[in-house]
Amino acid sequence: MSALEPVFQPLPNVPDHPALELEVLDWWERERVFEQLRGRNRSGPKWSFIDGPVTANKALAVHTAWGRTLKDVFQRYKAMRGFDQRYQNGFDCQGLWIEVGVERELGLNSKREIEDFGLEEFARRCREKVIWSAEELTRGSKRLGQWMDWGNDYFTFSDTNIEYIWRFLKLIHERGWLYKGHRSTEWCPRCGTSLSQHELSQAGVYQDRADPSLFVRLPLRERAGQSLVIWTTTPWTLPANVAAAVHPDSEYGLRSNGEWVAVARYPTETFTRRVRGEELVGLRYSGPFDTLEPGSGVEHRVIPWDDVSMDEGTGIVHIATGCGTEDFELSKVHDLPVLMPVDEAGRFYDEYGWLHGLGTAEAADQIVGNLAERGLLVEAGLYEHRYPHCWRCDTPLIFRIADDWLIAVDGIRGQLIDANSGVSWTPDYFGKRMEDWLRNMGDWNISRRRYYGLPLPFYPCSCGRLNVIGSRAELDERALSGIEQLEELHRPWVDRVPIRCDACGGEVERIKEVGDVWLDAGIVPFSTLGWENPEWRKGGYATGASAGLSDADLPDHAYWEKWFPADWVSEMREQIRLWFYSQLFMSVALTGRAPFQAVLGYEKMLDERGREMHGSWGNMIDAEDAFARMGADVMRWQYCAQPPNQNLLFGFGPADEIKRRLLTIWNSVSFLVQYANIEGFRPMYGDLEGGPVTGAQPLDRWLHSRTQQLVAEATEALEATLTVQLIRAFDAFVDDLSNWYIRRSRRRFYSLDERAFRTLWTALVQALRVISPVMPFLAEHLWRNLVAGPCEEAPSSIFLAPWPEAGERDEGLLSEISELREIVELGRQVRSQENIKLRQPLRRLFVYGARYAQAHVEELEEELRVKDVEFQDAPLVRFSYKPNLRILGPRLGKDIVRVREALAAGDFEPGPNGGVHAAGYDLAADELLVERKEERGWAHSETLSVGLDVELDDELRLEARVLDLIHTLNTMRKEAGLQLTDRIEVTLPESDSDLLAHAEWIKQETLAVDLRPDGGELRIEKV
Ligand SMILES: [Zn+2]
Ligand SMILES: [Zn+2]
């Protein structure tokens, strides 16, 4: 033996995940494994995955790594199945999220400061930020093990991407769907822009917040001494009040102090007068801030409104038409003036006198103080509610009237709903959410009053014509000046290119607005695949801002035909209203078809205690830290073990638990390696196809079948894109392999039992193959040791071997062992309930409900250490019955006493349908109260009941002591560093001399040649 090199490399006690992963990464790179795999699949069937662009404003976060892991798992799986794929990664590069990061770095905090800083330099800084982030994200993703075509990434700020969106917008305009809206909208005062409905649906937008709660008295003009009481949580809107709304059909009451409120809101109060709301309509009142110029010109009056809520406030609603969506709508119905008190930055305009220049929050205190001074404040407090915040900068939003560019959706809504109905969503309720959104969404607000984003190609002329430019070529052709300085399609350069109006020939300038970022991402299935592009352009995607950052080509239309629609896309839930939506919208508008056939969505990531992760809460986990402390495989396992319909609680605690669980497979491999090296076992690569075993031992046949079952389950899970099912199948298999096969076959590995070695080797390798998409590093590391090293004909990488095929399996045998293991588990459960240790032999095991285990009495006796097994035909669960007095009392009268006594004594016979016959009466099931009587020494599963005779006698107690002694002696052998084959002499204390009745048994189990009770301590000595 010593002359031979060991077949396998010995394994350390525990794997060092990060070290092993870095080694594998290095080896993949050197051997160009990914390139080999892509090359091999190039002629295979295609599988189209389109990457949702990751926002390029940060380094890799553990949140982002979740999605990237899922994408990698399915791309690897499909690659192992021989599918040709694109592997193009994407970066999202413009819009508010990039801008806000750069503003923070530069210490800028308003739009004016950005303009003072200079838009050219600002645009360059935004680009630099993207470059930095793209490098970081690439580095982190590679470390995670994600295989992508790095270097050929798409960047959404490329001119190519922008031109494709221009083309889409021109088409929308031609269809008559584009319009400029004048409406009330959620507005971020810090970012100085309106936000769209779908942006408000993002995580973190609605936050708990305490706002002022004010009850304000508004004196009625025609009724001296009487006033309306209104309620508001936005004091800053009071100077814009123009009306007060009542429900025309509700009852309003007059308090003795002259205040009108809704009766339903104050049901316990007494009122001096009650009227229906409609009787108050038309009354005029003094506005809360008639002292300020804008309010003084308004005739404030009471209006009817059916939507006045009786759930909060006073039932009289303060209407500020310039500060709320419904308020604005009411202005149209009742012809009310619209006061807009604050500017883009949320500061009061000059005509608001002493409020001018104040922000909405700063103004609140002064407004409250002023109302109190003038005796108009009834009550002031705080109100806790969910309030929307800017998704980018976290500033509480306000409402403003704004002129936004919108796409009308009613003309396409039905088509969108139809297209979505053909998409397969996992989990399926995500598809329902998309449908709900499509049914209820309002028009798409596509304009943002910002700087570094898609320049909307809208050139409205004073003659009334809206010119929409559809391409760079068209811009060049119609430009009147400024083309020579146009470095890329971004502000400020593009703003310096006026065009000729195609109606009147006059000069027209572009509007200043930029586009919603979801246009940037939504166009990707067209812009990256070369839709309607006549000729393939080498490097044609690396245009404008992305020049020099990517080598991506702009393919031709034939390529688009081949890869569109995507077979599969995957992102988190909030993308339903964001990327999934914008893609679907743009695709249906351009082609009438959905851009994806299947979607995997997933819920949110929280910390391991279930809280949101925040930098400022100290519970954010840095991806670098996770790589160093958990390793990428453990992270990936954590992501993949997550059912996609539940939030993932991610952290180091769960990671430690996963590492512990992974030790089972590690130790199983280690066991094989250790004994294979001792016994000189050499594996055969061919065993991986079909398996090595025919007519061998039942246990080998079982593990072989179990392995086929695992391969089938894993394949099914991956086809259904449910990694959690793969993890469950793998976990259960490893448990069977380690805790049943190896444990029950251990002795066979102490000699060169070829069958056992081959069976175990095959099972382990197949398990590694099916888990390799989830844990590519560990799987690759062990493949190289177990397979590539000793088998010459094996591929060097696990990923260059094809996906394993599930062979035939013996379902009967699988059911048998599965039941057997369940009985053993239940038996152990009984032992633990009864506090009887496993080393205590017992007389008898009772089993009820077994269908297959009768052939395995010997295993049951060994596993549960019993002398006898009794299979029973009748259920062992006993029930106790009591009369249901409420029903039986009236029927039986005083006979109920006899019936109760008979039931308590067990003196009854079972009747039909769960009833019984007792004391001369037939009692139906619903006339009885039934309790399951748990007998001592039993445990139950859905189909099985298992009991143990827990009575001990002297013989059983003696055997338990023998087993304890054997255990102690073997521990002492180990501690003394004895070889497995060393013989010993044992000295026993006098008190243990009765154990000598089992001397032969003890000798056999401990390799003792002699046992001597001499009264001293227990000792062993090597012979
Ligand atoms: Zn903001
Ligand atoms: Zn014109």
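Notes on the structure in this doc start here. (Residues numbered from 1 in each chain as written. Chains lettered and ligands numbered in written order. Predicted model: local features only at pLDDT ≥ 70, side-chain atom pairs only at ≥ 80, totals over all residues. Heavy atoms only, no water.)

A few points about the overall build of the protein
Move 1: What the protein contains, in helices and strands, is 30 helices and 39 strands.
Move 2: Principal axes of the C-alpha set define a box for the protein whose edges measure 110 × 90 × 55 Å.
Move 3: For the protein, buried positions account for 56% of its 1023 residues.
Move 4: Total accessible area on the protein is roughly 43,500 Å²; 46% of this is exposed by carbon and sulfur atoms. (Helix = DSSP H or I, 4+ residues; strand = E, 2+ residues; numbered from the N terminus. Buried < 20%, exposed > 50% of the residue type's maximum accessible area, 1.4 Å probe, protein only. Areas by Shrake-Rupley, 256 points an atom, 1.4 Å probe, with all protein chains shown as cover.)

Regarding the coordination of the zinc ion (ligand 2)
Move 1: Every protein donor of the zinc ion (ligand 2) is accounted for by Cys461 (SG), Cys463 (SG), Cys501 (SG) and Cys504 (SG), and the metal-donor separations fall at 2.2 to 2.3 Å.
Move 2: Coordination at the zinc ion (ligand 2) is tetrahedral, judged from the 4 donor atoms that bind it and the angles of 103 to 115 degrees they form at the metal.
Move 3: Ordering the donors of the zinc ion (ligand 2) by residue number gives the pattern C-x1-C-x37-C-x2-C. Of this pair, Cys463 sits in the loop between strand 19 (458-460) and strand 20 (466-468) while Cys501 sits in the loop between strand 21 (499-500) and strand 22 (507-508), placing them 38 residues apart in sequence.
Move 4: Look at Cys501 and you get buried, because its relative accessible area is 3%. (Donors = N, O, S within 2.8 Å, 3.2 Å for Na, K, Ca; no water. Tetrahedral: all angles 85-135°; square planar, octahedral: opposite > 155°, others 65-115°.)

Some thoughts on the side chain of Thr721
Move 1: Mapped onto the elements, Thr721 comes out in the loop between helix 21 (698-719) and helix 22 (723-745).
Move 2: Taking relative accessible area as the criterion, Thr721 reaches 13% and is therefore assigned buried.
Move 3: Here Thr721 is in contact with Phe74, Thr426, Trp568 and Leu600, once residues within four sequence places are set aside. (Contact = heavy atoms within 4.5 Å.)

Some remarks on the packing of aromatic side chains
Move 1: By the definition in use, this model includes 50 aromatic pairs.
Move 2: Ring geometry for Tyr559 against Trp563: centres 6.0 Å apart, planes inclined by 45 degrees, an arrangement best described as tilted. Here Trp563 and Tyr559 lie together in helix 16 (residues 557-563), a separation of 4 residues that amounts to about one turn.
Move 3: Ring-pair connections join several aromatic residues into one group, and the members of that group are Trp28, Phe34, Tyr87, Trp147, Phe777 and Phe799.
Move 4: Positioned over the ring face of Phe83 is Lys78, at 5.0 Å from the centre of the ring.
Move 5: Above the ring of Trp27, the side-chain terminus of Arg784 is found at 4.1 Å from the ring centroid. (Phe/Tyr/Trp six-rings, centres within 6.5 Å; stacked < 30°, edge-to-face > 60°. Lys NZ or Arg CZ within 6 Å of the ring centre and 35° of its normal.)

Topic: unusual backbone geometry
Move 1: A cis amide bond, omega 0 degrees, links Arg491 with the succeeding residue Pro492.
Move 2: Within the fold, Pro492 resides in the loop between helix 13 (472-478) and strand 21.
Move 3: Along the chain, Phe564 connects to Pro565 via a cis peptide bond; the corresponding omega equals -5 degrees.
Move 4: Topologically, Pro565 is positioned in the loop between helix 16 and strand 24 (569-572).
Move 5: One non-glycine residue, Arg865, lies in the positive phi region at around 50 degrees.

By themselves these figures say nothing about function.
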